[in-house]
Amino acid sequence: MSPGIPLGVLDLVPISSGSTAPEALRNSIELAQHAEEFGYTRYWFAEHHLNPGVAGTSPAVVLALTASATSTIRLGSGAVQLGHRTALSTVEEFGLIDALHPGRFDLGLGRSGGRPSSPLPSATPVVDGRAPNGLRIPPRFSFEFLLGSPRIALQRKLLLLPNAESQEYGEQIDDVLALLAGTYRSADGVEAHVVPGEGADVELWILGSSGGTSAEAAGRNGLRFAANYHVSPATVLEAADGYRAAFQPSDVLDKPYVSVSADVVVAENDEAARELATGYGLWVRSIRTARGAIQFPTPDEARAHVWTDEDRDLVQDRVDTQFVGSPGRVADQLEQLQEAAGADELLITTITHAHTDRVRSYELLAQEWRRRGHLSPSS
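The model shown is predicted, which means the values in this text are computed figures rather than measured ones.

Caption draft 1: Representation of the side chain of Asp-106 within the structure. Residue placement: Asp-106 occurs in strand 5 (residues 105-110). Take Asp-106: its relative accessible area is 0%, and that puts it in the buried class. At 2.8 Å, the side chain of Asp-106 and the side chain of Arg-74 are in polar contact. Contacts of Asp-106, omitting those with residues within four sequence positions, involve Arg-42, Trp-44, Arg-74, Leu-75, Gly-76, Ser-77, Phe-94, Glu-203 and Trp-205.

Quick look at the structure:
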């Protein structure tokens, strides 16, 4: 295990059952303040739409609110979904918030609206569902059926202007880089300069779940890459390997730099943590059935659900790869994930019904991580 592996936070702004979106937003801003105090390096907000249990619809807006409530922790998008927006609108938004809080933002870019990438071979062998160091790598989950979901189709219709088509992802990233650098030229030579935005001191990341388009774009441009163990655990090694294979040194990086995400729940002991995580499977089921994330249930609400074999198949890979337990147990699992993926950082996403339990989970993990020498004593 390499020393000094930073921890970050990925926040969906989840709404618990019986709660509201305003309360969820206030809780997330408070959690960012705690994460800064606990020593987390960065705090990212995801982008999701038409989900009754998720309030994080606009990373840039929530980042602006959170920046005013924090002072040192890096803040970012995990990720801005480029499938329904332009490079210009993205650079303008982050240029605005960087103008008032310079040097604190990570612009994480994600691909949305396209078809899942085809499976790619990984340089890391997986035998009987395990990486060489024992990390669980479950069977690949197919997202193909989600493409035909009426809710997904409606989401795309509402996000895009009539008759609009998404720009090719690699071209969008090229445009974002050019607009930030002030080097953008149209095909007929017309310059575009974004104010504010050009020259913004933002750290660019590409997020991806496979070794396909996103990993290749991140590597080709010499950018930082975030691989998603928590979204698609079956393909995390493929994603990291694909990025490294495509990597070309840039003015930003001279070697690959990878962050890997994990779903985590920590409590004082394993039994308490398992109780807090009881609602996770039902919450994942709501996403995997394309109905949209439900409000996160209490343990009793989750236990009331009658599970079918089909239900279990939908969520098994996610449940099996959620790290749940005491600080020591979860830290061991995170070290295993870091080693298997060769991660330079880890990104932690934790959802519990009670906000206080969520804050405590991040606190206990940070304390254990610091004890193992991964966080500086002063952080």
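Back to the write-up after that little detour.
Caption draft 2: Spatial organisation of the nonpolar core. Ranked by internal contacts, the top residues of the largest apolar core, which has 77 residues, are Tyr-40, Leu-109, Val-260, Leu-334 and Leu-346. Ignoring any residue separated from it by four or fewer positions in sequence, one finds Leu-109 in contact with Ala-79, Val-80, Leu-82, Thr-90, Tyr-169, Ile-173, Val-176, Leu-204, Trp-205, Ile-206 and Leu-207. Core analysis: the next-biggest nonpolar cluster, separate from the first, contains 19 residues, Ala-46, Ala-293, Leu-347 and Ile-351 among them.

Caption draft 3: View of unusual backbone geometry. The omega torsion across Gly-78 and Ala-79 is 15°, close enough to zero to call that bond cis. By secondary structure assignment, the location of Ala-79 is in the loop between strand 3 (74-77) and strand 4 (80-81). With an omega dihedral of -10°, the bond running from Val-195 to Pro-196 counts as a cis peptide bond. When you line up the elements, Pro-196 lands in the loop between helix 5 (169-181) and strand 6 (203-208). Positioned with a positive phi, Asn-163 is a non-glycine residue whose angle comes to about 65°. Among the structural elements, Asn-163 can be located in the loop between helix 4 (150-159) and helix 5. Although it is not a glycine, Ala-290 sits at a positive phi angle of roughly 65°. Relative to the helices and strands, Ala-290 is located in the loop between helix 9 (280-288) and helix 10 (299-303).

Caption draft 4: Structural context of the pairing of strand 5. The element strand 5 is extensively covered by neighbouring structure, given that 6 of its 6 residues are classed as buried. On strand 5, burial covers both faces: Phe-105, Leu-107 and Leu-109 on one face and Asp-106, Gly-108 and Gly-110 on the other are all buried. Where strand 3 lies against strand 5, 2 bridges are found, and the strand directions are parallel. The residue of strand 5 that forms the bridge with Leu-75 is Phe-105. Note that strand 5 and strand 6 share 4 bridges and pair parallel.

Caption draft 5: Examining the environment of Phe-296 more closely. One can find Phe-296 in the loop between helix 9 and helix 10. Separated by 64 residues in sequence, Phe-296 and Arg-360 place their C-alpha atoms 17 Å apart. With residues up to four places along the chain from it excluded, the contact list for Phe-296 reads Ile-15, Ser-16, Ser-17, Leu-276, Gly-279, Tyr-280, Trp-283, Ile-351, Thr-352 and His-353.

Caption draft 6: A nonpolar patch on the surface, seen in detail. A cluster of nonpolar residues, Leu-50, Leu-154 and Leu-158, forms a patch on the protein surface that exposes about 280 Å² of accessible area. Within the secondary structure, Leu-158 sits in helix 4. Overall, the relative accessible area of 57% leaves Leu-158 in the exposed class.

Calculation criteria
Residues numbered from 1 in each chain as written. Predicted model: local features only at pLDDT ≥ 70, side-chain atom pairs only at ≥ 80, totals over all residues. Heavy atoms only, no water. Helix = DSSP H or I, 4+ residues; strand = E, 2+ residues; numbered from the N terminus. Buried < 20%, exposed > 50% of the residue type's maximum accessible area, 1.4 Å probe, protein only. Polar contact = N/O pair within 3.5 Å; in protein donor to acceptor, adjacent residues only side chain to side chain. Contact = heavy atoms within 4.5 Å. Core = buried A, V, L, I, M, F, W, Y, C linked by side-chain atoms within 4.5 Å. Pairing = 2+ DSSP bridges. Patch = residues over 30% accessible without salt bridge, like charges linked within 9 Å, V, L, I, M, F, W, Y side chains within 5 Å. Areas by Shrake-Rupley, 256 points an atom, 1.4 Å probe, with all protein chains shown as cover. Salt bridge = Lys/Arg side-chain N within 4 Å of Asp/Glu carboxyl O.

Structural measurements only, silent on function.
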